[in-house]
Amino acid sequence: ELDESSSSTVPLPAGARFERDLSYGTDPQQRLDVYIPAQAKAAPIILMVHGGAWIKGDKGSSNVVSNKVAHWLPKGYILVSSNYRMSKKPNPLDQADDIARSLAFVQAKAPSWGGNPTRVLLLGHSAGAHLVSLLAADPRIVTTQSGAPWLGTISLDSAAFDLVEIMQGKHHRIYDRAFGKDRTFWTEASPYHRLTTAPAPMLLVCSAQRSDACPQASAFSSKVVKLGGRVVILPVDMKHGEINKELGLPSDYTTTVESFMRSLGLP
């Protein structure tokens, strides 16, 4: 079910402030929300990209931001949650451009929020995990939108690293709506095929309860390693939605994600 709960329902830690619906482009869907801790100073930034099969979902949903705001703002992080253009016939390549533009906006505005533009972590769930992985695989998507390098990328349960393989096999109908029938488009939209040089460090969380997520993550990570990149795969015995919602709650899962973040020099 689509969670339409508005951002204003997300409880803020003491002294934190919230900037809603900042525009990073001309389309009404090109908006982001910023959660800023008290006394933010050169704060690291998490840029969160929601999922929803490339056609639905929202930056303000409680399952996208609540536990992350509660956990990371008191540790001095700024959390940004971004929307992107969606429609009944989505274009994931346009959506990747949107997230690249959103990242460039965040890097430009960071100092005014008390943030550090060189310490940005990309975090995405489901369709959003596919989009951040695509940016990681081919950072030219970001530089084309005037963005700069970022510290690392965390993909929360994307099963869509190699669209060519997916579309040629038995697959869920949601993929047809997002990726159509053009093999060239599948290749362009595949993090696996876009990857030609070692990306910034990546953490790939995958649900051991799904048949496709961990094998897709594993094939992608093998290619990263061959290129000399650093990648960690974290299989978890959790449902697809829980992997997003429960990040930030006290658990071995959150602790492991944080140890990856520390390996990037984050607090």
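Conventions and cut-offs
Residues numbered from 1 in each chain as written. Predicted model: local features only at pLDDT ≥ 70, side-chain atom pairs only at ≥ 80, totals over all residues. Heavy atoms only, no water. Helix = DSSP H or I, 4+ residues; strand = E, 2+ residues; numbered from the N terminus. Rg over C-alpha atoms; globule rule 2.2 N^0.38 Å. Buried < 20%, exposed > 50% of the residue type's maximum accessible area, 1.4 Å probe, protein only. Contact = heavy atoms within 4.5 Å. Areas by Shrake-Rupley, 256 points an atom, 1.4 Å probe, with all protein chains shown as cover. Lys, Arg positive; Asp, Glu negative; His and termini not counted. Charge placed at Lys NZ, Arg CZ, Asp CG, Glu CD. 1 Å grid on protein atoms, 1.4 Å probe; cavity = no way out; pocket = protein on both sides within 12 Å on 5 of 7 lines; lining within 4 Å. Points joined across faces, edges and corners; volume = space filled by probe spheres on them. Nonpolar A, V, L, I, M, F, W, Y, C, P; charged D, E, K, R; others polar. Core = buried A, V, L, I, M, F, W, Y, C linked by side-chain atoms within 4.5 Å.

A. Region of the structure containing the overall build of the protein chain. Along its length, the protein chain carries 11 helices and eight strands. Taking 2.2 N^0.38 as the reference for a compact globule, 267 residues should give roughly 18 Å; the C-alpha atoms of the protein chain span a radius of gyration of 17 Å, in line with that estimate. Projected onto its principal axes, the C-alpha positions of the protein chain cover 50 × 35 × 35 Å. Relative to its 267 residues, the protein chain shows a buried fraction of 55%. By sequence separation, contacts in the protein chain at least 24 residues apart represent 74% of the contacts at least 6 residues apart. Of the accessible surface of the protein chain, which amounts to about 11,300 Å², a share of 52% is contributed by carbon and sulfur atoms. Charge centroids of the protein chain, computed over 28 positive and 24 negative side chains, lie 3 Å from each other.

B. Examining the layout of surface pockets more closely. Considering only enclosed or pocket space, the largest pocket measures out at about 600 Å³ in volume. Contributing to the lining of the largest pocket are 32 residues, with Gly-51, Gly-52, Ala-53, Ser-126 and His-240 lying nearest its centre. For the lining of the largest pocket, the secondary structure elements donating two or more residues are helix 1 (62-72), helix 3 (127-137), helix 6 (173-179) and helix 10 (240-245). Of the residues assigned to the lining of the largest pocket, the class counts are 10 nonpolar, 14 polar and eight charged.

C. Just the nonpolar core, in detail. Counting residues in hydrophobic clusters, the biggest one holds 57 residues, and the most contacted among them are Val-80, Leu-135, Tyr-175 and Phe-179. Among the elements that make up this core, the one with the highest residue count is helix 2 (residues 92-113) (nine residues). In contact with Tyr-175, not counting residues within four places along its chain, are Trp-54, Ala-159, Ala-160, Leu-163, Ile-166, Met-167, Gly-180 and Asp-212. Listed in part, the 29 residues of the second largest apolar core include Trp-72, Leu-123, Leu-156 and Leu-247.

Everything listed here is a matter of geometry and, on its own, says nothing about what the molecule does.
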